[in-house]
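An overview of the molecular structure
One letter stands for each residue in the lines below.
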Amino acid sequence: MTNKMWGGRFASGPDAIMSKINASIDFDQKLYAQDIAGSKAHASMLAQQGIITKADAAAIAKGLDQIKTEIEAGKFKFSQELEDIHLNIESRLKELIGDAAGRLHTARSRNDQVAVDFRLYVREQVDGLLAGLKDMMLALAEKAEAEAGTIMPGFTHLQVAQPVTFGHHLLAYVEMLSRDLGRFQDARKRLNESPLGAAALAGTSYPIDRAATAKALGFAGPTRNSMDSVASRDFALEVLAACSICAIHLSRLAEELVIWSSAQFNFVKLSDQFTTGSSIMPQKRNPDAAELIRAKPGRIIGAFTALAIVMKGLPLTYSKDMQEDKAQVFDALENMALAIAAMAGMVRDMKPNREVMNAAAAMGFSTATDLADWLVQKLKLPFRDAHHLSGRIVALAENNNVQLAELSLKNLQSVHGAIDQSVFKVLSVAASVKSRKSFGGTAPANVARAAKRWLKILKGNDK
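Below, the structure is looked at part by part. (Residues numbered from 1 in each chain as written. Predicted model: local features only at pLDDT ≥ 70, side-chain atom pairs only at ≥ 80, totals over all residues. Heavy atoms only, no water.)

Brief notes about the overall build of the chain
Regarding its fold elements, the chain presents 18 helices and four strands. Against the compact-globule benchmark of 23 Å for 463 residues, the chain has a radius of gyration of 31 Å, which places it well outside the compact range. Dimensions along the principal axes, computed over C-alpha positions, put the chain at roughly 100 × 55 × 40 Å. For the chain, buried positions account for 47% of its 463 residues. Relative to all contacts within the chain whose residues are 6 or more apart in sequence, the contacts with residues 24 or more apart total 75%. If you sum the accessible surface of the chain, you get close to 22,400 Å²; carbon and sulfur atoms cover 53% of it. Charge centroids of the chain, computed over 56 positive and 49 negative side chains, lie 5 Å from each other. (Helix = DSSP H or I, 4+ residues; strand = E, 2+ residues; numbered from the N terminus. Rg over C-alpha atoms; globule rule 2.2 N^0.38 Å. Buried < 20%, exposed > 50% of the residue type's maximum accessible area, 1.4 Å probe, protein only. Contact = heavy atoms within 4.5 Å. Areas by Shrake-Rupley, 256 points an atom, 1.4 Å probe, with all protein chains shown as cover. Lys, Arg positive; Asp, Glu negative; His and termini not counted. Charge placed at Lys NZ, Arg CZ, Asp CG, Glu CD.)

What about the nonpolar core?
In terms of nonpolar packing, the biggest core is built from 97 residues, with Val122, Phe184, Leu250 and Met343 touching the most fellow members. Per element, the largest residue contribution to this core is 16 residues, and it comes from helix H10 (residues 234–260). Once residues lying within four places of it in the same chain are set aside, the contact partners of phenylalanine 184 are Val126, Leu129, Leu130, Leu133, Val239, Ala242, Cys243 and Cys246. Within the second largest apolar cluster, 19 residues are counted, among which are Ala368, Ala372, Leu381 and Ala386. (Core = buried A, V, L, I, M, F, W, Y, C linked by side-chain atoms within 4.5 Å.)

Description of the environment of lysine 320
Secondary-structure assignment places lysine 320 in the loop between helix H11 (288–311) and helix H12 (326–349). Judged by its relative accessible area of 36%, lysine 320 is partly exposed. Sequence separation between lysine 320 and asparagine 111 is 209 residues, and the spatial gap between their C-alpha atoms is 10.0 Å. If sequence neighbours within four positions are ignored, lysine 320 has contacts with Asn22 and Glu83.

Some details on the pairing of strand S1 (residues 151–156)
Taken together, the six bridges between S1 and strand S2 (residues 159–165) define a ladder with antiparallel strand orientation. Each bridged residue has a counterpart across the sheet, and for glycine 154 the counterpart in S2 is glutamine 162. (Pairing = 2+ DSSP bridges.)

Overview of unusual backbone geometry
In this structure, the amide linkage connecting leucine 316 to the following residue, threonine 317, adopts the cis form with an omega of 10 degrees. A positive phi angle, near 60 degrees, is found at histidine 157, a position not held by glycine. Tracing the backbone shows histidine 157 in the loop between S1 and S2. Among the residues examined, histidine 157 registers a relative accessible area of 76% and is labelled exposed.

Some remarks on a nonpolar patch on the surface
On the surface, Ile17, Met18 and Ile21 cluster together into a nonpolar patch covering about 330 Å² of accessible area. Structurally, methionine 18 is set in helix H1 (residues 16–22). Residue classification places methionine 18 among the partly exposed residues on the basis of a relative accessible area of 41%. (Patch = residues over 30% accessible without salt bridge, like charges linked within 9 Å, V, L, I, M, F, W, Y side chains within 5 Å. Salt bridge = Lys/Arg side-chain N within 4 Å of Asp/Glu carboxyl O.)

Let's talk about the pattern of salt bridges
Enumeration according to the criterion identifies 22 salt bridges in this entry. The partner of arginine 92 in a salt bridge is glutamate 95, and the shortest N-O contact between them spans 3.0 Å. In this pair, arginine 92 and glutamate 95 both sit in helix H5 (residues 85–97), three residues apart, roughly one turn of the helix. Taking relative accessible area as the criterion, glutamate 95 reaches 56% and is therefore assigned exposed. Notably, a salt bridge pairs arginine 354 with glutamate 147, separated by 2.8 Å at the nearest N-O pair.

Points about the side chain of serine 251
Along the chain, serine 251 turns up in helix H10. Setting aside its immediate chain neighbours within four residues, serine 251 contacts Ile293, Arg294 and Pro297.

And the structure:
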């Protein structure tokens, strides 16, 4: 049998394997709500323009509402023979309202229909991601404010570098996520144009009102070129690119949670809500949520790569290759939302072990730079000379198996005779972090101000 929606040109039906590879209903049924919304807006516009009767438009809207109810109740029967969500809905609509259903497709094509459905879906998901990111940033900022004075080691090369505060460390991720937020906001602005009415590729001879359907669907306006409208998926690529960068940021924080919650570090503790046990080792508390977030960039970046490869060689306008645009986008956006929600939960859940962090900050001669700065400021030495002398003092402490603050004044003067008792004021980790008052530095007062600023912004009180 031929396909009743487009079979006039064909004398026989497709081979079974052709039907299987051609059908997309198994995944694009996810677009049912967007497809129905687009069809209702289109039918209303057709009636307003006198292209179909208002009675037909009312019947179409009523039938589409019933179909939506059936789908959401699990009573709708999807057919692979009807290929996609568009034809499945249209076929059921004809069963419900008769010939009026055939008038719905006037002045449009599945090409602009799927383009508007996909934009509506991606826009909705981006709105969810924006809300999730703001919540995660809020969780980090709240924790940062509470831990503005909590000292921990800062690392380079995963080696103890200089003391910082835990709050400062957390606010670093707030800054990263704020840029992710901006990328999603920018992507949303660019995707928020309606391709409905572009038809197959050339527009239509019917007197349609594309501005009306764009407004009805919440778009800023219609797309400006009918060919670009149906040929482009860069809006999805841009969102996937933003997802990829955001997923990398979440993965870095997830890696730190894995490290921090290990017995060797013991910087933070995650509760039973965000850890799992072992099937054989009863003592284990595994940070599985963090580990799974650490893995998410694989599928999210993979989705971007897959769609980029699909689109890279396509001539204008629509090609069936573009049917492969959805499954990976659906998967990436859903996993991005899940990762953000799980990370926000872990941030709120984690409890810092302040004593352990403070002790670790004092290890590894972390105030050696403070010592060098003291030599420059107090003894007026060139920084390179001060750096060299500080290195000699670190070696002395290491040979004596003590920290810098535990060296005697005599030890220090053996390296440079002008060093006096005041040097010990800069060798503690507390003094070190307190002195980092430069803009963006880790001084607790800075961190408290920065956290308050972010809390004001995120709670919507920033004027």
